[in-house]
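# Coordinate analysis (summary)
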Amino acid sequence: MDHNTIYRQDRIAFLNTHASLPAVAEFAVFVAVTITQWSERRKMRAALRQLPDYLLKDIGVSKVKARTEAEKPFWQS
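Below is a short write-up of the structure.

## What about the environment of Glu26?
Tracing the backbone shows Glu26 in helix 2 (residues 23–50). Given a relative accessible area of 42%, Glu26 falls into the partly exposed group. In this structure Glu26 touches Ser20 and Leu21, once residues within four positions along its chain are discounted.

## Re the packing of helix 2 against helix 4 (residues 63–70)
In the contact formed by helix 2 and helix 4, the axes pass within 9 Å of each other and the chain directions differ by 145°. For the element pair helix 2 and helix 4, the recorded crossing hand is left-handed. Across from Arg45, Leu48 and Arg49 in helix 2, the residues of helix 4 making contact are Ala66, Glu69 and Ala70.

## Digging into the packing of aromatic side chains
Counted under the stated rule, the structure contains 2 aromatic pairs. Relative to Phe74, the ring of Trp38 lies with its centre 5.3 Å away and its plane at 70°, an arrangement referred to as edge-to-face. Highlighted residues: Trp38 in helix 2 and Phe74 in the segment after helix 4, separated in sequence by 36 residues. Measuring from centroid to centroid gives 5.1 Å for Phe74 and Trp75, while their planes differ by 85°, and the two rings are edge-to-face. With relative accessibility at 34%, the residue Phe74 sits in the partly exposed group. Of the aromatic side chains, those joined through ring pairs into one cluster are Trp38, Phe74 and Trp75.

## A word on the pattern of salt bridges
Within this structure, the stated rule accounts for 3 salt bridges. Salt-bridge contacts for Lys63 lead to Asp53; the nearest nitrogen and oxygen are separated by 3.4 Å. Of this pair, Lys63 sits in helix 4 while Asp53 sits in helix 3 (residues 53–59), and the two are 10 residues apart along the sequence. Classification of Asp53 as partly exposed rests on a relative accessible area of 45%.

## Brief notes about helix 2
Relative to the 40 Å expected for 28 residues at 1.5 Å per residue, helix 2 spans 41 Å between its end C-alpha atoms, a close match to the ideal helical length. The complete set of buried residues in helix 2 reads Thr34, Arg45 and Leu48.

Analysis parameters
- Residues numbered from 1 in each chain as written.
- Predicted model: local features only at pLDDT ≥ 70, side-chain atom pairs only at ≥ 80, totals over all residues.
- Heavy atoms only, no water.
- Helix = DSSP H or I, 4+ residues; strand = E, 2+ residues; numbered from the N terminus.
- Buried < 20%, exposed > 50% of the residue type's maximum accessible area, 1.4 Å probe, protein only.
- Contact = heavy atoms within 4.5 Å.
- Axes fitted to C-alpha atoms, helices over the stretch in contact; angles between N-to-C directions.
- Left-handed = near helix turned anticlockwise from the far one by under 90°.
- Phe/Tyr/Trp six-rings, centres within 6.5 Å; stacked < 30°, edge-to-face > 60°.
- Salt bridge = Lys/Arg side-chain N within 4 Å of Asp/Glu carboxyl O.
- Expected span 1.5 Å × (residues − 1).

Structure representation (structure tokens):
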């Protein structure tokens with residue numbers, strides 16, 4: 001595991017072991033997590049859009065399925 005993964009796990013463990021957050025903080029965390037998920041989806045779909053056929057075949061994804069996933073808006077899971 002790299003340093004960033006360990007650091008993230010430490011932060012998650014810290015949040016899990018402490019008391020509930022105030023409502024405003026919970027909302028802020030929800031917004032931050034949602035924006036992070038959207039960003040990751042956007043990046044993954046952009047990368048998927050650029051994969052050549054032989055790599056799609058290697059990961060077991062058809063061109064049609066890759067194109068369908070890549071064309072989804074970032075907010076859709």
